[in-house]
Amino acid sequence: MNIIKPNRFVGLHAHSGFSIYDGMSLPRKHIDYVLDNGMDAWALTDHGNANGHAHAFTHARDVTAKGRQFKFIPGVEFYLHPDLKQWQLEYAHVKDAKAAAKSARKSSKTNNTDLGSAVDSDEEGGGVVEDEEATKQTRRFDPLRRRHHLIVLARDQRGLENLYTLVTRSYDEGFYAFPRIDYAMLREHSEGLIVSTACLGGPLSYIPMMHHSTVQWESLHPGIDDEESFATIQRDMSVEVDRLVDAVGERNLYLEVQFNRLGAQHLVNKHMIELSRSTGLPLLATADSHYPRPELWKDRELYKKLGWLGYDKYEPGLLPASVDELKAELYPKNAEQMWDSYHDSITAFSHVGSAEWNFYDDAEICAAIERSYDIAHDICGDAVPASTVIYPVRRVLGDVWSGETADVQDREAFGRLVGLVKEGLRTRHLQDDVRYVERARDELEVIRDKKFSMYFLTIARVMEVANKHMLCGPGRGSAAGSLVNYLLGVTRVDPLRYDLLFARFLSRQRKEAPDVDSDVSDNDALKQLLRDEFGEENVIPISNVNTLALKSLIKDTSRFYGIDFAEVNAATAGVERDVRRAVIKPGDDKNVFVLKYEDALEHSPKFRAFIEQHPEVGTHIVNLIEQNKSIGRHAGGVIIGDDIHRRMPVIRIRGEKQSAWVEGLHFRHLEAVGSSLKYDLLGLKTLRIIEKCIALILDDVGVYTLQLNDTTLRVPGDKHIITSNRGDITAAELTEDDDVVEVPGMWSLNE
């Protein structure tokens, strides 16, 4: 007798810590466990975003470089609304109702606030936090907040571009509490995509849930349908399947089944299996993993609670006491573990009676498990970001060059860069000085060989815009060692005069791209000026990730275990001081200090004593510290380039567009995945003070215009100042026609 059992599986539905307060840990930890658990591929499908893709791409590359076989499949679990145009009509109706209610109840502040918050508070983009319970239960039936989950995978390069375009459009056109797409968007960008119907939050699962909306969630089970209701649900699901097939094609659609201890899941599985038999669409089994290792289940439960409970429901009873109390174990399972989950989930409901469970067929489920491997290795090809860097070619070189190859663009850019450098030598009367000419030639050769000509043309254009509208710093860090930067007007420091080295900034041996940090008086104003210069869609601020910090995490976790706040506060009050004294050495940058758990244990006696007394808290801290808590914004970094949304997803945080990928102290993903280089525009308070001081002085003496070379500074009212950032402020040309007066006491920025 042949025993049916699957021998291969790939997780095609998985979440990382970028499904904030739902999934846990960086993608690399998931990938490492996937490999340890005997698998050679994995898909990342975080909720409504692809923020973790850069982590996964870079770690997958590192893994394969070490000789291990691994394939990363990029995906997203999108939020889907069937028809966003119809939603707009429903939204307008609610807005009208809100206006009428406000007019009728002007005296009732409470009523006005409630309805308004239901409509307005969700309109801006933000760091989305998935509410698992709300998605799968009652709030799903609110037409305004309606959303379904849909797994979408990129099977090739074109699919990856479409995947990222859909993410961008979901934030630009579909954001309401969550970034949403609809069937029309999916149809428009379906090339190269594979779709699975997702979990209990999916569009097909929604139908049996709606038909049984009056039944308590815990009471749902596969035997709840009578013959008539079963047929009605199947008919309605077939209609929804037709919409999905119309959007992505029959060959690209899979009906997803999962295995857990939820009766609702088995009700949905029953309908999916029957739908597969009647339509011929294949079943696909997924693990829907959320944390990287099986032993992390309790930490994930606590992490979820930290994201949603606020500060009024902290008690140990809210956490499962053992893994047996879980409805689902959501780690990256292998084929054998998937098979065991299938059988264990049926066994858990054995008390219900066997008749309603005979819809399962071992051969069908085995095929659904193994099909994941076939999709990963036989259907999905290479889907990795292009290695060429995004630049604003249209604005810097012209439209005619945008369709050329990167090599052709680079040759044209280098020619233009040489011309600008020669002009800079002439402007500064250095064209006959052999030292400067040879230094410029040497730097240009390195720039040419490293193919960074477009970067220098772009940063030169950026600083040209900045210098026309605000005070800018003379140069920060290693960038001041470049004569090319000086000749382009990017910096104001002559590197030969001060014996500064170009090799500290850029050399043939360095793998890193050039990184110019530019100080400006108002980086927010400059970003808008750059949008005007390069295009609204082509200047995108860079994201960073805010993580759970030690002290606040200790306090929140302790509240779950009923530990008195005074005791917690006494243990944590001096921990940062103790660690700083112990670990910061002379010359260290105090601004990049991070309070680490292991340092706190070693160097803070009170903290160590607290953890020894409450080891259960320490166990959680080890696994939860530095977990993601929100998406933030880099202090000054932006991406500048054409068609950014095709190469990376663009999200919105508080209404402003941002990159999905991060760049900062711990991660440098923009360059690593070949998408873009960072342009650092740092707002400097000192420059703002200088600007304001000049403006106040001139305003006080009634000066309307002060001509100091070519930079225009705006002051209150109709007056303005024209001042300089090109070195010597005292070299002013004052004209009688402009009704100006000489202001004594100016100084040179270079002195």
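Residues numbered from 1 in each chain as written. Predicted model: local features only at pLDDT ≥ 70, side-chain atom pairs only at ≥ 80, totals over all residues. Heavy atoms only, no water.

## Some remarks on the pairing of strand β5 (residues 193-196)
A two-sided burial pattern is seen for β5, the buried positions comprising L193 and V195 on one face and I194 and S196 on the other. Here β5 runs beside strand β6 (residues 253-257); their pairing, made up of 2 bridges, is parallel. Among the inter-strand pairings, V195 is bridged to a residue of β6, identified as L253. (Buried < 20%, exposed > 50% of the residue type's maximum accessible area, 1.4 Å probe, protein only. Helix = DSSP H or I, 4+ residues; strand = E, 2+ residues; numbered from the N terminus. Pairing = 2+ DSSP bridges.)

## What to know about the pairing of strand β12 (residues 656-659)
Where strand β11 (residues 650-653) and β12 come together, 4 bridges link them in antiparallel fashion. Pairing of I653 across the sheet is with E656, part of β12. Adjacent in sequence and paired antiparallel, β11 and β12 are bridged by 2 residues, among which R654 carries a positive phi angle near 50°.

## A closer look at the confidence of the model for the protein chain
Within the protein chain, residue pLDDT values average 86, and 86% of them lie at 70 or more. Low confidence marks residues 109-121, where pLDDT is under 50. Its contacts with residues over four positions away, or in another chain, come to 20 contacts. Contacts of residues 707-751 to residues separated by more than four positions or lying in other chains number 98 contacts, the stretch itself having pLDDT below 50. (pLDDT = per-residue confidence, 0-100. Contact = heavy atoms within 4.5 Å.)

## Focus on the packing of aromatic side chains
In total, this model carries 19 aromatic pairs according to the counting rule given. The interplanar angle of 90° and the centroid separation of 5.1 Å between the aromatic rings of F57 and F72 together place this pair among those described as edge-to-face. Of the two residues, F57 sits in helix α2 (residues 53-65) while F72 sits in strand β2 (residues 71-80), which places them 15 residues apart along the sequence. A centroid spacing of 5.7 Å and a plane angle of 90° characterise the contact between Y455 and F456, whose relative ring orientation is edge-to-face. The burial state of Y455 is the same as that of F456; both residues are buried. Three or more aromatic residues link up through ring pairs in this structure, and these residues are F259, W339, Y342, F359 and Y360. Above the plane of the ring of Y331 lies K333, whose end atom (NZ or CZ) is 4.8 Å from the centre. Above the ring of Y486, the side-chain terminus of R428 is found at 5.0 Å from the ring centroid. (Phe/Tyr/Trp six-rings, centres within 6.5 Å; stacked < 30°, edge-to-face > 60°. Lys NZ or Arg CZ within 6 Å of the ring centre and 35° of its normal.)

## A closer look at the sheet that holds strand β8 (residues 517-520)
As summarised here, the arrangement of the 4 strands in space is β8-β13-β10-β9, forming an open sheet in which the pairing is mixed. In this open sheet, the two edge strands, each paired with only one partner strand, are β8 and β9 (539-547). Across the sheet, the mean angle from the axis of one strand to that of its neighbour is 45°, orientation sign disregarded. As judged from the 8 bridges shared by β9 and strand β10 (residues 628-640), these two strands associate in the antiparallel manner. Bridge pairing in β10 places I540 opposite I639. Here helix α19 (residues 523-534) sits on the sheet in contact with β8, β9, β10 and β13 (679-683), set at roughly 60° to β10. (Axes fitted to C-alpha atoms, helices over the stretch in contact; angles between N-to-C directions.)

## Thoughts on the side chain of S507
As for its placement among the helices and strands, S507 is situated in the loop between α18 (483-488) and β8. Judged by relative accessible area, S507 falls into the buried class, the value being 11%. At 3.3 Å, the side chain of S507 forms a polar contact with the backbone nitrogen of R510. (Polar contact = N/O pair within 3.5 Å; in protein donor to acceptor, adjacent residues only side chain to side chain.)

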